[in-house]
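Residue-level structure breakdown
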Amino acid sequence: MNSTQLLSSDLYQYCSIEQFKFSSTSELETLPTMIGQSRALEAVDFGINIEGEGYNLYVMGPNGSGKYTLVKRFLDEHVKHRQQAQDWAYFHNFIDPQNPWAIALPAGQGKQLRHDIETIIQYLEEDLPHAVDDEYYRGRIRAIDESARQHRVRLFGALQTEADKHGVVLLRMQDGSYAFAAKRDGEPLTSDEFEQLPLEQQEQTEQAIATLHEDMQHTLLELKEWERGNLKKVADLNTEVTNETITRQLNKLKHAYPNSNELQKYFDAMQEDIKANIDAFIDPQENSEDSNLDLDDSLLRRYQINLIVDNSAVHGAPVVYENLPNHQSLLGCVENMAMMGALITDFSLIKAGALHRANGGYLILDAEQLLMQPYAWDGLKRALLAKELQFDTLERMYSLVSTVSLEPEPIPLDLKVILLGDRHLYYQLYELDPEFAELFKVAADFEEHMERSTENQQLYAGMIASTIHKESLLHLDKAAVARVIEHGARTIEDSKMFSLHQGDMTDLLRESSYWARKDAAKLVTGEHVQRALTAREQRVDRMRGLFYQQIKRDITRISVSGERIGQVNALSVLTVGAFDFAQPSRLTANCRFGDGDILDIEREVELGGDIHTKGVLILSGYLGTTYAKNKALSMSASLVFEQSYGEVDGDSATLAELCALLSAIAEVPIKQSMAITGSMNQHGEAQAIGGVNEKIEGFFDVCQLLDKQPGQGVIIPRSNIQHLMLRSDVIEAVEKGDFHIHAIDTVEQALALLTGLPVGELNEQGEYPTGSFNAAVAARIQLWEEVHKHEKESASEDAD
């Protein structure tokens, strides 16, 4: 088969606007789901609905392919029919404050309970002081006080009567203590007067005072016991008058939540704790320092719940997307509060994580973001394997600190986790993390391309209409829809398919709508889409402009006319950010008599990648098999990309390298008006490469820049024809005959185009036709073989 010179109709697969039965996308209905993702949808449906351990999902596809949109849209419909999620709250543990209780509540009940408790505490703060401040209470207190006073009077009266019998008076000192002294005429004697008494009377008086002191000690002890009894009477009275109020208010809570045994237990404990701290309600200022309140004097803080998950606004199961999945945002934390120079905490400082909020539903995470956060992946796996959520801080887990913290009761975990990521990350996790396969058993793989059939292009138009509706953009006419589809084919380098990348399509629609609005147009036309594409390219093509400037000034040397031995124009692609452009390069080869080695200079200086080296080895295999099948190849050669200062990789220059090498061997010049790209196998068959559109356009631009000559063009593998979606100026030049694109199947076809000589095939005598390219190659190799043979004979004679 000979090479084929392509026609302009081969260079671009147009999208016919005749197939569209609408005048603009405003006539189309929005699509309920994304197109072309039936496989992924089935996998998501299976993963969401199947019950069992480890059936979490990994949704794989490139960024911007619509993974989140599809999953979120599917879940929003699915969760409406799922069981309503629960609220979760932590409660103060009155017995062991370091271990708060976790209680599940029906959705919305947590918020109501929090309001009810706040109301009850407010009532108690108002009612209890009033209960101990009415006339009945004050009368009871006065009766207790009066009884105590009368008892005191009786005791001290009896003590004074006994003292009177012995001529002694009972005195109350200024410091509140009691003392006895001798008296005369009812008045206490001074020390001097006492000394003037007869000695016998002094002794009798002192003995009486000693006895009275003992009696007074018994009296004081009896008074203390009486006071204790009075305090108990007051406490009993307080309990009597407050219990009714406390019980009445707490019963409201108990009757409001009769179906929860856990809440009933908490209300009982709460009631007992309020009784134990009744003084804090009656006189909070006086008792704030002495009561058992933990952090401050807020009664509400002690008895209020910490509602960490509130699903009152959620209909069905919750769907949570966490955009920063670090350890704390996933698993929650127990915060601390600075008070008087120390860090303290309590149950009210427990904060929920995304796993708490998604419990009973679905949690969507970006896999790459998750793995970038320290300990987040391990924390997620630990929670899924344990099926419960614990508040373990990293500091405690890794023994970084030894401070006392809370140990809240674990919460049972029941949810599905959906990871969004690319394929490479999925396969890495599957291979390197044994627990990944156990926890994420369902993979949903997103399609990136779709066949350009009439039906599919109609569906794509519907997807465009859906995006326009969602983004509030201007609608597109038929020509604009066709241009968007054509661009979708160009971006994936396939004229038979188009891209399903949602992000790229949406960006193009936004930019096209911008230019249409700038023109005050009511519809986006094909010209607006093209203007958006041109403007997008112009914003990022500075590097390409600098590279072309180097070529124009002959700093980077490229020839597009004439002929050179061992020199060919090779084509590679540079990627700068999101912009790809071609870099025509001069590839040269030298050969000489040697031992059969082909020196890859790029590889020797560590600028050549493994795939590039593989290509050089393939051409070495072809060279030896084709021209020295039954003998040693007595030559050495070197290959290099001239003026290349960065890494070279890929095998798309293998055909160019072989052509340059064979040109050097045969000493036959190669046309510089042509460039060639393509890989090959060991049989000399051309194989498809990437970036074919950019490569053709790059060489076309250089030819226009330097010296337009007849016969200029590019040689590509025939299997790349289906990938052609070239620029309109290239198509126009081909149509006029100013530029040519040739498709080949073998290296022989490429050599015929590059040299203008017939390549030639071996005849029955094992010889190539005279004047053919292969005859020149064979003659040079034969010459080296004779030199090798002569050297070998000379070495043998010298040895003899």
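Fair warning: this is a prediction, and the values are worked out from it, not measured in the lab.

What counts, and at which threshold
- Residues numbered from 1 in each chain as written.
- Predicted model: local features only at pLDDT ≥ 70, side-chain atom pairs only at ≥ 80, totals over all residues.
- Heavy atoms only, no water.
- Helix = DSSP H or I, 4+ residues; strand = E, 2+ residues; numbered from the N terminus.
- Buried < 20%, exposed > 50% of the residue type's maximum accessible area, 1.4 Å probe, protein only.
- Contact = heavy atoms within 4.5 Å.
- Lys, Arg positive; Asp, Glu negative; His and termini not counted.
- Charge placed at Lys NZ, Arg CZ, Asp CG, Glu CD.
- Axes fitted to C-alpha atoms, helices over the stretch in contact; angles between N-to-C directions.
- Parallel < 35°, antiparallel > 145°, perpendicular 65-115°, else oblique.
- Left-handed = near helix turned anticlockwise from the far one by under 90°.
- Nonpolar A, V, L, I, M, F, W, Y, C, P; charged D, E, K, R; others polar.
- Pairing = 2+ DSSP bridges.
- Polar contact = N/O pair within 3.5 Å; in protein donor to acceptor, adjacent residues only side chain to side chain.

Thoughts on the overall build of the protein chain
Each helix and strand in the protein chain was counted, giving 29 helices and 31 strands. For the C-alpha atoms alone, the extent of the protein chain along its principal axes is close to 165 × 85 × 50 Å. When the 800 residues of the protein chain are sorted by exposure, 46% land in the buried category. In the protein chain, once contacts between residues fewer than 6 apart in sequence are set aside, the share between residues at least 24 apart is 76%. In the protein chain, which carries 73 positive and 125 negative side-chain charges, the distance between the mean positions of the two groups comes to 6 Å.

Comments concerning the packing of helix α22 (residues 542-552) against helix α26 (residues 692-706)
Between α22 and α26, the least distance of the axes is 10 Å, while the angle of their chain directions is 45°. With respect to α26, the element α22 is oriented oblique. In terms of crossing hand, the pair formed by α22 and α26 is right-handed. Along the contact surface, α22 presents Y548, I551 and K552, while α26 presents G698, D701, V702, L705 and L706. For the contact of α22 with α26, the class distribution of residues is five nonpolar, one polar and two charged.

Brief notes about the sheet that holds strand β17 (residues 416-421)
Spatially, β9-β14-β17-β2-β18 is the arrangement adopted by the five strands of the open sheet, whose pairing is parallel. The sheet is open, and its two borders are formed by β9 (319-322) and β18 (442-445), each paired with just one other strand. Each strand of the sheet is rotated relative to its neighbour by a mean of 20°, with strand direction disregarded. Of the pairings in the sheet, the one linking strand β14 (residues 362-366) to β17 comprises five bridges and is parallel in character. Paired with L365 across the strands is L419, a residue of β17. Across the sheet, helix α1 (residues 38-49) lies against β2 (57-60), β14, β17 and β18, angled at about 155° from β18, the strand it touches most. Lying over the sheet, helix α16 (residues 423-432) contacts β2, β17 and β18, oriented at roughly 145° with respect to β2.

Some points on the side chain of T755
The topology assignment puts T755 in helix α28 (residues 747-755). T755 sits in the buried class, given a relative accessible area of 9%. Within polar-contact distance, the side chain of T755 engages the backbone oxygen of L751 at 2.6 Å.

A few points about unusual backbone geometry
If you check the backbone angles, A520 has positive phi at about 60° while not being a glycine. With respect to the helices, strands and loops of the structure, A520 is situated in the loop between α20 (502-518) and α21 (526-540). Classification of A520 by relative accessible area gives exposed; the value is 65%. One non-glycine residue, E667, adopts positive backbone phi at about 60°. Within the secondary structure, E667 sits in the loop between α25 (654-666) and β26 (669-671). Among the residues examined, E667 registers a relative accessible area of 48% and is labelled partly exposed.

Notes on the sheet that holds strand β3 (residues 86-91)
Pairing in this open sheet of three strands is antiparallel, and the strands run β4-β3-β8 from one edge to the other. Across the chains shown, the open sheet's two edge strands, defined by having one partner strand only, are β4 (101-106) and β8 (306-309). Neighbouring strand axes in the sheet, compared pairwise and without regard to direction, differ in orientation by 35° on average. Examined bridge by bridge, β3 and β4 share six bridges and lie antiparallel to one another. Paired with Y90 across the two strands is A102, which belongs to β4.

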